[in-house]
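# Structural overview for review
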Amino acid sequence: MLISSLLHRSVPALLAGLVTLSAGCGLADLGTAPSVGEEGEVELAWAGGVLGCLFGCDAADPMVAGGRAYLSVVNDDDLPAFTVESEDPAVVSAAAEGGSIVLDAAGPGEARIVFRDAQRGEVFDRFTIKVRDVAAIELSDDFHGDEEELAVMVGGDARIHLDLRDAADHHLQGIGGVSYTLSDELSEEEVNLIEAIAEAIAGIFGGLNNEGVAVEAIAVGSGSILVEAPSGAARTIPVRVVDAAAITRVELRGGDEGPTIGEPYNVDAAAFAGDAEVRSPECAWSIDPIDGPIQLHGDRSSATLEAAAPGSATITCTIGAASGSLAVAFGG
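Helix and strand counts for the protein chain come out as two helices and 25 strands. The buried share of the protein chain, taken over its 332 residues, is 47%. Sequence-distant contacts in the protein chain: of pairs separated by 6 or more residues, those separated by 24 or more amount to 64%. Of the roughly 15,000 Å² of accessible surface on the protein chain, a fraction of 46% belongs to carbon and sulfur atoms.

All chains considered together, the criterion is met by one disulfide. Disulfide partner of cysteine 283: cysteine 317, at an S-S distance of 2.1 Å. Taking the sign of the S-S torsion, about -85 degrees here, the bridge from cysteine 283 to cysteine 317 comes out left-handed. Within this pair, whereas cysteine 283 is found in the loop between strand S20 (276-279) and strand S21 (284-288), its partner cysteine 317 is found in strand S24 (residues 311-319), the two being separated by 34 residues in sequence.

Here we take up the sheet that holds strand S6 (residues 92-97). Strand order in this open sheet of five strands is S1-S2-S4-S7-S6, and the pairing throughout is antiparallel. The open sheet has two edge strands with one neighbour each: strand S1 (35-36) and S6.

As a further point, take the pattern of salt bridges. If you walk through the whole model with that rule in mind, you get 14 salt bridges. Across the salt bridge formed by glutamate 38 and arginine 112, the nearest N and O atoms sit 3.1 Å from each other. One end of the pair, glutamate 38, is in the loop between S1 and strand S2 (43-46); the other, arginine 112, is in strand S8 (residues 109-117), with 74 residues separating them in the sequence. Since its relative accessible area comes to 43%, glutamate 38 is described here as partly exposed. Residue class for arginine 112 comes out partly exposed when judged on its relative accessible area of 28%.

Here strand S11 (residues 150-153) shows a buried face lined by Leu150 and Val152 and a second buried face lined by Ala151 and Met153. Bridge count between S11 and strand S17 (residues 234-242): four bridges; the pairing is parallel. From the neighbouring strand, valine 152 faces S17, where its bridge partner is valine 241. Two strands pair when backbone bridges link them, and S11 and S20 are joined in this way by two bridges, in the parallel orientation.

Turning next to the sheet that holds S21. Spatial ordering of the open sheet is given by S21-S24-S25, a layout of three strands whose pairing is antiparallel. Of all strands in the sheet, those with a lone pairing partner are S21 and strand S25 (322-330), marking the two edges. Ignoring strand direction, the axes of neighbouring strands in this sheet form an average angle of 20 degrees. As judged from the nine bridges shared by S24 and S25, these two strands associate in the antiparallel manner.

The pLDDT averaged across the protein chain works out to 86; a share of 84% of its residues lies at or above 70. The spread of mean pLDDT over the elements of the protein chain runs between helix H1 (residues 27-30), the lowest at 38, and strand S9 (residues 123-132), the highest at 98. Between residues 1-31, whose pLDDT stays under 50, and residues either more than four places distant or in other chains, the model counts 61 contacts.

Along the chain, aspartate 288 connects to proline 289 via a cis peptide bond; the corresponding omega equals 5 degrees. Its identity as a non-glycine residue notwithstanding, aspartate 169 has a phi of 65 degrees, on the positive side. Within the secondary structure layout, aspartate 169 lies in the loop between strand S12 (157-165) and strand S13 (179-183). Its identity is not glycine, yet serine 280 carries a phi of approximately 55 degrees, on the positive side. Note on placement: serine 280 falls in the loop between S20 and S21.

This brings us to the side chain of serine 224. Of note, serine 224 is situated in strand S16 (residues 221-228). When neighbours within four sequence positions are excluded, serine 224 is seen to be in contact with Thr181, Leu182, Ser183, Asp184, Leu186, Thr236, Ile237, Pro238 and Val239.

Calculation criteria
Residues numbered from 1 in each chain as written. Predicted model: local features only at pLDDT ≥ 70, side-chain atom pairs only at ≥ 80, totals over all residues. Heavy atoms only, no water. Helix = DSSP H or I, 4+ residues; strand = E, 2+ residues; numbered from the N terminus. Buried < 20%, exposed > 50% of the residue type's maximum accessible area, 1.4 Å probe, protein only. Contact = heavy atoms within 4.5 Å. Areas by Shrake-Rupley, 256 points an atom, 1.4 Å probe, with all protein chains shown as cover. Disulfide = S-S within 2.5 Å. Pairing = 2+ DSSP bridges. Salt bridge = Lys/Arg side-chain N within 4 Å of Asp/Glu carboxyl O. Axes fitted to C-alpha atoms, helices over the stretch in contact; angles between N-to-C directions. pLDDT = per-residue confidence, 0-100.

Encoded structure:
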């Protein structure tokens, strides 16, 4: 696996709140069935995670060479206690952890994993794991419209999700199959990178198969993140860290449903440096009137409004010389 300079890096606490994680991968929602072992005993699916089953959870799909991937044993409750081993550790090694299987791929190829009854030692099923080299590195959802770089505000963070593809254009499951290097005048003085494999080691987002990197913005600067696979596939991701002085516009976005008395109402701030949206903006929040029935609880880039009685107010996010406001009303 590609694990370099990872264990000393701190994982930001707010990453744990970015998404709600599910143990499975919503197979019913996709209308797909889990993969079945050669003897029809085990039912397997790739673990879901940050992006759910965006690329599918079929365990017959390949995993990334040089990386780690997690299989969910869908029918774990129907099986005896079992151990798992690989018939060819030179391709992939396997270990059972509860109702999941941890796979570490040494290189491209195919190898069967063997399910053995933990008490009797008898093999009751096998399943073939496909391992493929990375042929292409694609961004999944981190750039919007015509954005050419990822912009992040100092003190904030953002996450870059990647879609790794093999030569047959299949999505590759797993993490750690690529490495990340700061380049083009961007250094650890401006940005700290936390790779998906480091998060798994630290127990943050462990048991997931979504490759990506968390970007912690430390100081103003610009440059690139170079993403590389052992196969030679590579991609350069431009990154810019800005401060409050660079923000030219702020927009506030409320929920689709209007405020309701007695229930929290969430508002998110979107900040822009020119045409580029800046991730993780830091707002100075205010509310007018300050002594009305509506209470404002603001954090870095979002706020929660609550009211126990009817009332209206205007909330404002100010960043440097730019600000954005939103009028809200809690009805009777």
